[in-house]
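Listed here are the chains, written in short residue letters.
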Amino acid sequence: MEEQPNKYIQSWYTFRDFFPIHLIFSQVKFNIVVLFYWAFLFAVINGFFGLSFGAPFLFVSPEYLGETTYMSFLLLGFSIGGFIMAFHTYSYIRLGPFYPFIATLSRPYFKFCLNNSTIPLLFLINICINVWSFQRSQELLDWFDIFLFIVSLLVGTLLFIVLAFMYFFPTNKDLFRMTGKRSEDYIVAESNIKTSFHKKQRWFEHFVRGKDDTYTYIGSKLKVKQSRSCHHYDITILNKVFVQNYTNATLFEVTLIISFIIVGLFRDNEVFQVPAAVSIMMLITILLMLISAFFSWFKRWTYVIIILILFGMNNISKSSYLFQFQSNAFGLSYLNKDIQPYSPQAINNLITTEMITSDKKNYLGVLNNWKAKQGHEKPKLVILNTSGGGLRSALWTFKVMRDLDSMTQGKFSNSLHLITGASGGMIGASYYRDLLIDKSDGKIASTEATFFLENISKDLLNRIAFSISTSDIFFRMQKVEYNGQEYPKDRGYAFEQQLIKNLNGSFDKSLGDYFEPERTAVIPTMIFTPTIVNDGRRLLISSQQLSFLQQNHSSDSMGLNPIVENVEYQKFFANSNPNDIRFTSVLRMNATFPYIMPMVTMPTNPGMQVMDAGIRDNYGTKTTITFIHALEDWIRENTSGVIIVKVRDSKKQLKGEEYKQVGMFDKLFLPFGNMYGNFPRVQDLDQDELIMNSQLYKEGLVNVVTFNLRESPQDKISLSWHLTGQEKKKIVEAVNSTENSREIEILLNLLNF
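Residues numbered from 1 in each chain as written. Predicted model: local features only at pLDDT ≥ 70, side-chain atom pairs only at ≥ 80, totals over all residues. Heavy atoms only, no water.

Counting its secondary structure elements, the chain contains 32 helices and 17 strands. In the chain, which comprises 753 residues, the share counted as buried stands at 52%. Sequence separation of at least 24 residues holds for 80% of the intrachain contacts in the chain that already meet a minimum separation of 6. Per element, the accessible surface of the chain, about 35500 Å² overall, is 60% carbon and sulfur. (Helix = DSSP H or I, 4+ residues; strand = E, 2+ residues; numbered from the N terminus. Buried < 20%, exposed > 50% of the residue type's maximum accessible area, 1.4 Å probe, protein only. Contact = heavy atoms within 4.5 Å. Areas by Shrake-Rupley, 256 points an atom, 1.4 Å probe, with all protein chains shown as cover.)

Quick look at the structure:
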């Protein structure tokens, strides 16, 4: 009687020969780049990557047309299905030849996809669990609504996969359909003799050598089947099967890529402005498909060729407009005759004593108009500093300004003379300032309507992300006309259009439209300070002439030879219609978060590249101290001091913040991580020193009142252009915290209210 194998050995052989397990090992060995895509997605949905930017929330609570609905989950599922099919296609092209038995099966591509679905299935289970957890704990939805969300997600995924297979089934031929022969026609005698003289394999070699011909695989109707050996098949015919399937897969991928680009042509239609998570999935799907198409042609040379192409594009972009992907400020003239040289000499030539004296005299008139409205001999001069921080800072700044006005019956905004800062905070402050103009003109009765808060907190990310994924990162074929000039239609334009739409038409004006209301002190003056990437200077943008905030070092005789830091916008771009610049372009330049929005190229040669003000002055303190120092004499004579109101998205020192022991990896990465991780703190330290060293502060004529949004590490609110419902609620309620309530009392006392 033949001895039966041990059941554990049988289990091991079953596991060892299971085709899905072999595919996972092969992915690790031959397809590691694609696994990085999956690792990225798993890291995002589980909060290991991008949590501070709110990336996980884009997947567990996607918004479409301003709401989280079944349709938004259906679209997300559809995009996940697209990525899954791209993953299967690339894997089939990359790994198929290692498993020639696939070509002998009916519908080989379908069978391969079925057995290659372990990772996609785990991802779908993971995201469904996270959707349930988030919607239940954060959005407080009923279990049935969450269930329908998950069903919509899965239906969307299945829908794309079904459509894909509807294409592949008619074109997907196996070995026998191509040759017209039966499997028996290929059978030859084989020896089943085994010898102990063969080299023994270690446990993992069976999975990575790719030389074994027989596997157990998942077949039709999800039945587990045993494959046959394929040594006796003609390798030439097997290769024809794979080549045929490669061609079909490549055509499918190219069709999808072209479809994405065509959809991008309609990105201004809100129906096509899909959830940001869908755009992320579309982008990585396109990248994966492009790599797959390249690999089908160039095999192992794929990545070398891609790198060479990128280097070639870079070199071409230096000597021509090809691949420049330039983003412009709408309204400025980019005609050749208006292009200014940008150099240290050009900056220094603009600064003259006469110019500074003239601009200062004119601005003192603005200050006198402000003082005339105060009703006091020596009122307090209020300056608002607002921090960057995306949509959370925009909503937070707007809420603080509105509540302070409500508590003081408008005295706060009446006392407010200057607003400066970075990114989202300046957007929120600008919106409130626009409402003050509307109130002054009688267009609105009050700034306290709830829908104003709703407007400033509306999503901005979906439209940006959609623009990136469909066309912006590859082609910028479309143009847009503004003030008689054509400009590239990119994600910067998408951001501006969405911002205007969210705010019901506010900001649909030029910078120059604010000159008169600022001059007559109807509204506070605003100074925007985007960073010039070329050399680290700051571009001072305002409707007013501000050359007196530039340093004139021509008379320096002490050997320091300081560099001019500030470039005054109105003077430097006098030939480019500086007041015609679209106001949203100014806001965008001041809030250009790296990679999310493009750097803005100004009309200079070489092109001046500007981006987020937060790189140099995230809280506006540097500009404020420069302003106070330049106008110190007037401030002493005409005011009882300065109140700097800081509206910050995070407290300087969060409650309960602890320092951790430094490990081996920390020591390796800390020198680089320090530059980014301590970036806000370094600015705080430098700017506190600036305030403390100012003469007015030393004399007790400067008070600082601070309102913090995040007071502890547990206050998790995304640094993003998208906010969840719970995040909006946290922001609105933060003004009532104990510390902020105490700061309100201090401010009211300083204003004698």
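Anyway, onward from the coordinates.
For the chain, per-residue confidence averages 83 on the pLDDT scale, and residues scoring 70 or more make up 82% of the total. Note that residues 182-212 has pLDDT below 50 and, in this model, 37 contacts with residues that lie over four places away or in other chains. (pLDDT = per-residue confidence, 0-100.)

Turning to the pattern of salt bridges, a few remarks are in order. This structure, assessed with the given rule, holds 21 salt bridges. Here Glu-518 makes a salt bridge to Arg-433, at a shortest N to O gap of 2.5 Å. In this pair, Glu-518 sits in helix H22 (residues 515-519) while Arg-433 sits in helix H18 (residues 423-440), placing the two residues 85 residues apart along the sequence. The network of salt bridges with shared partners includes Arg-538, Glu-565, Arg-616, Asp-617 and Lys-622. (Salt bridge = Lys/Arg side-chain N within 4 Å of Asp/Glu carboxyl O.)

A surface patch of nonpolar side chains, amounting to about 540 Å² of accessible area, comprises Phe-78, Leu-158, Leu-159, Val-162, Leu-163 and Met-166. Among the elements that take part in the nonpolar patch, helix H8 (residues 143-171) stands out by supplying 5 residues, more than any other. Summarising the element assignment, Leu-159 is placed in helix H8. (Patch = residues over 30% accessible without salt bridge, like charges linked within 9 Å, V, L, I, M, F, W, Y side chains within 5 Å.)

Turning to the packing of aromatic side chains, a few remarks are in order. What the rule picks out here adds up to 36 aromatic pairs. For Arg-648, the ring lying beneath its charged end belongs to Tyr-619, and the centroid distance is 4.2 Å. (Phe/Tyr/Trp six-rings, centres within 6.5 Å; stacked < 30°, edge-to-face > 60°. Lys NZ or Arg CZ within 6 Å of the ring centre and 35° of its normal.)

It is at 10 Å that the axes of helix H5 (residues 70-95) and helix H6 (residues 108-115) come closest, and there the two elements cross at 110°. As judged from the angle between their axes, H5 and H6 are roughly perpendicular. Here Met-85, His-88, Thr-89, Ser-91, Tyr-92 and Leu-95 of H5 come into contact with H6, specifically with Pro-108, Tyr-109, Phe-112 and Cys-113. Partitioned by chemical class, the residues of the contact of H5 with H6 number 7 nonpolar, 3 polar and no charged. (Axes fitted to C-alpha atoms, helices over the stretch in contact; angles between N-to-C directions. Parallel < 35°, antiparallel > 145°, perpendicular 65-115°, else oblique. Nonpolar A, V, L, I, M, F, W, Y, C, P; charged D, E, K, R; others polar.)

Before going further, it helps to examine helix H29 (residues 679-693). Spanning 15 residues, H29 covers 22 Å between terminal C-alpha atoms, matching the ideal 21 Å at 1.5 Å per step. Listing the buried residues of H29 in full gives Gln-683, Asp-684, Gln-687 and Ile-691. When H29 is viewed along its axis, its buried side chains cluster within an angular range of 105° and face the same direction. Residues of H29 that are buried sit in contact with helix H25 (614-617), helix H26 (621-630), strand E16 (641-650) and helix H30 (695-698). (Expected span 1.5 Å × (residues − 1). Arc of directions from axis to C-beta.)

Mapped onto the elements, Asp-459 comes out in the loop between helix H19 (450-456) and helix H20 (461-472). Here Asp-459 is buried and forms no salt bridge, its nearest opposite-charge partner Lys-728 lying at an N-O distance of 8.0 Å. A polar contact is formed between the side chain of Asp-459 and the side chain of His-722, at a distance of 2.6 Å. (Lys, Arg positive; Asp, Glu negative; His and termini not counted. Polar contact = N/O pair within 3.5 Å; in protein donor to acceptor, adjacent residues only side chain to side chain.)

Here we take up the packing of helix H16 (residues 390-408) against helix H32 (residues 738-750). Interaxial distance between H16 and H32 falls to 12 Å at its minimum, and their mutual angle equals 50°. Between H16 and H32, the interaxial angle falls into the category oblique. Seen from above, H16 lies across H32 with right-handed handedness. Each of Trp-396, Leu-404, Met-407 and Thr-408 in H16 lies in contact with H32, whose residues at this interface are Asn-740, Ile-744, Leu-747 and Leu-748. (Left-handed = near helix turned anticlockwise from the far one by under 90°.)

This part is about the pairing of E16. Burial runs high along E16: 10 of the 10 residues are buried. Bridge count for strand E5 (residues 380-386) against E16 is 7 bridges, and the pairing is parallel. Note that in E16 the partner of Val-382 across the bridge is Ile-643. Direction of pairing for E16 relative to strand E17 (residues 702-710): parallel, over a ladder of 8 bridges. Residue pairing in the sheet places Arg-648 in a bridge with Asn-708 of E17. (Pairing = 2+ DSSP bridges.)

Moving on: the sheet that holds strand E9 (residues 525-528). Spatially, 5 strands are ordered E9-E6-E5-E16-E17 in an open sheet, and the strand pairing comes out parallel. Edge positions in the sheet fall to E9 and E17, since each of these pairs with one other strand and no more. The average angle at which neighbouring strand axes cross in this sheet is 15°, direction not considered. Here H32 sits on the sheet and contacts E5, E16 and E17; the angle it forms with E17, its principal contact strand, is near 155°.

This paragraph deals with the side chain of Ser-279. As for its position among the elements, Ser-279 is in helix H12 (residues 276-298). Not counting residues within four places of it along the chain, the set of residues in contact with Ser-279 comprises Val-274, Asn-462, Ala-465, Phe-466 and Ser-469.

So, on to the nonpolar core. In terms of nonpolar packing, the biggest core is built from 175 residues, with Phe-59, Phe-507, Leu-539, Met-602 and Trp-721 touching the most fellow members. Ranked by the residues each element gives to this core, the list is headed by H5, at 12 residues. Those residues in contact with Phe-59 that sit more than four places away from it in its chain are Leu-41, Val-44, Ile-45, Phe-73, Leu-76, Ile-127, Val-131, Ala-277, Ile-280 and Met-281. (Core = buried A, V, L, I, M, F, W, Y, C linked by side-chain atoms within 4.5 Å.)

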